[in-house]
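Descriptive structure summary
Here's the letter readout for the chains.
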Amino acid sequence: MSQRGKIDKEIIISGTNTGGIPVLNESHYTTVIDYDWRENRVTCRGTIAASSETLTHGAIYEANPQINGVIHIHHRQLWQNLMYRVPTTQENIAYGTPEMAAEIIRLCQEDRLEEQQILVMSGHEEGIIAFGQDLAKAGNLLLSYYWQLQSS
Ligand SMILES: [Zn+2]
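On a predicted model such as this, the values are computed, not experimentally measured, just so you know.

1. Here's the deal with the coordination of the zinc ion
Protein ligation of the zinc ion involves Glu53 (OE), His72 (NE2), His74 (NE2) and His124 (NE2), the donor distances falling in the range 2.1 to 2.7 Å. Taken together, the four donor atoms surrounding the zinc ion define angles of 84 to 165° at the centre, an arrangement classified as irregular. Written as a sequence motif, the donor arrangement for the zinc ion is E-x18-H-x1-H-x49-H. Pair noted here: Glu53 is in the loop between strand 4 (41-45) and helix 1 (54-63) and His74 is in strand 5 (residues 69-74), with a separation of 21 residues, a long-range link. Residue classification places His74 among the partly exposed positions, given a relative accessible area of 43%.

2. Describing unusual backbone geometry
Positioned with a positive phi, Lys9 is a non-glycine residue whose angle comes to about 70°. Summarising the element assignment, Lys9 is placed in the loop between strand 1 (2-4) and strand 2 (11-14). Positive phi values are uncommon outside glycine, yet Asn40 reaches one of about 55°. Inspection of the secondary structure puts Asn40 in the loop between strand 3 (29-36) and strand 4.

3. Notes on the nonpolar core
Ile60, Val70, Ile104, Leu119, Ile129 and Phe131 are the most contacted members of the largest nonpolar core, which totals 24 residues. At the level of elements, strand 2, strand 3, helix 1, helix 3 (98-108), strand 7 (118-121) and strand 8 (127-132) are the ones that each hand at least two residues to this core. The leading source of residues in this core is helix 3, at six residues. Apart from the residues lying within four places of it in its own chain, the contact partners of Val70 are Met1, Ser2, His57, Ile60, Tyr61, Ile129, Ala130, Phe131 and Leu135. Among the nonpolar cores identified, the runner-up in size contains 15 residues, and Leu78, Ile118, Tyr145 and Leu149 belong to it.

4. Here's the deal with the packing of aromatic side chains
In the structure shown here, the tally under the stated rule is one aromatic pair. Arranged with centres 5.1 Å apart and planes meeting at 65°, the rings of Tyr146 and Trp147 form a pair that is edge-to-face. Taking the relative accessible area as the measure of exposure, Tyr146 reaches 28% and is therefore partly exposed. Positioned above the aromatic ring of Tyr35, the side-chain terminus of Lys9 is 4.8 Å from the ring centre.

5. Some words on the sheet that holds strand 7
If you trace the eight strands from one edge of the open sheet to the other, you get 4-3-2-1-5-8-7-6, paired in mixed fashion. Looking at the sheet topology across the chains shown, the edges are occupied by strand 4 and strand 6 (88-89). With six bridges connecting them, strand 5 and strand 8 associate as antiparallel partners. Looking at strand 8, one finds that Val70 is bridged to Phe131.

6. Things to note about the pattern of salt bridges
By the definition in use, this model includes seven salt bridges. One salt bridge connects Arg76 with Glu125, and the closest N-O pair in it is separated by 2.6 Å. Here Arg76 is found in helix 2 (residues 76-82), whereas its partner Glu125 is found in the loop between strand 7 and strand 8, with 49 residues between them in sequence. A salt bridge links Arg106 to Glu110; the shortest N-O distance between them is 3.9 Å. The exposure class assigned to Glu110 is partly exposed, which follows from its relative accessible area of 27%. Connected through salt bridges with shared partners, the residues Asp34, Glu39 and Arg41 form a single ionic network.

Basis of the calculations
Residues numbered from 1 in each chain as written. Predicted model: local features only at pLDDT ≥ 70, side-chain atom pairs only at ≥ 80, totals over all residues. Heavy atoms only, no water. Donors = N, O, S within 2.8 Å, 3.2 Å for Na, K, Ca; no water. Tetrahedral: all angles 85-135°; square planar, octahedral: opposite > 155°, others 65-115°. Helix = DSSP H or I, 4+ residues; strand = E, 2+ residues; numbered from the N terminus. Buried < 20%, exposed > 50% of the residue type's maximum accessible area, 1.4 Å probe, protein only. Core = buried A, V, L, I, M, F, W, Y, C linked by side-chain atoms within 4.5 Å. Contact = heavy atoms within 4.5 Å. Phe/Tyr/Trp six-rings, centres within 6.5 Å; stacked < 30°, edge-to-face > 60°. Lys NZ or Arg CZ within 6 Å of the ring centre and 35° of its normal. Pairing = 2+ DSSP bridges. Salt bridge = Lys/Arg side-chain N within 4 Å of Asp/Glu carboxyl O.

Written out as structure tokens, the structure reads:
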């Protein structure tokens, strides 16, 4: 997960391989100070390397100036349920690549994504991304889809 920083191109993001840790503390986060998704380049300041999906997060911030929080989760049931019901990336695009960043930017230009603020990565198994004006909104959005699924 990540939060937009205070200056341009700054992102506070969870580090690589932190997905399985139940409770995160500050040592699990790093500050990205610059990135360029076209060149597949990320510069960060911190003791842990940034998530391999930094460029994907960066693309969302770049395409949506009003978005300040992004959460990426893995959930098989939700992934299957939401695929093609919400904006979905093309199957042949791998996660963490400049191609994925470009694909996200393309999807962000669709009105539907601006409204729904959730997308499925069809080529990244179980991968879902939600975003919002802040992290709480992104988290609540994911939870509302999760509860919908549980009650259906
Ligand atoms: Zn992932």
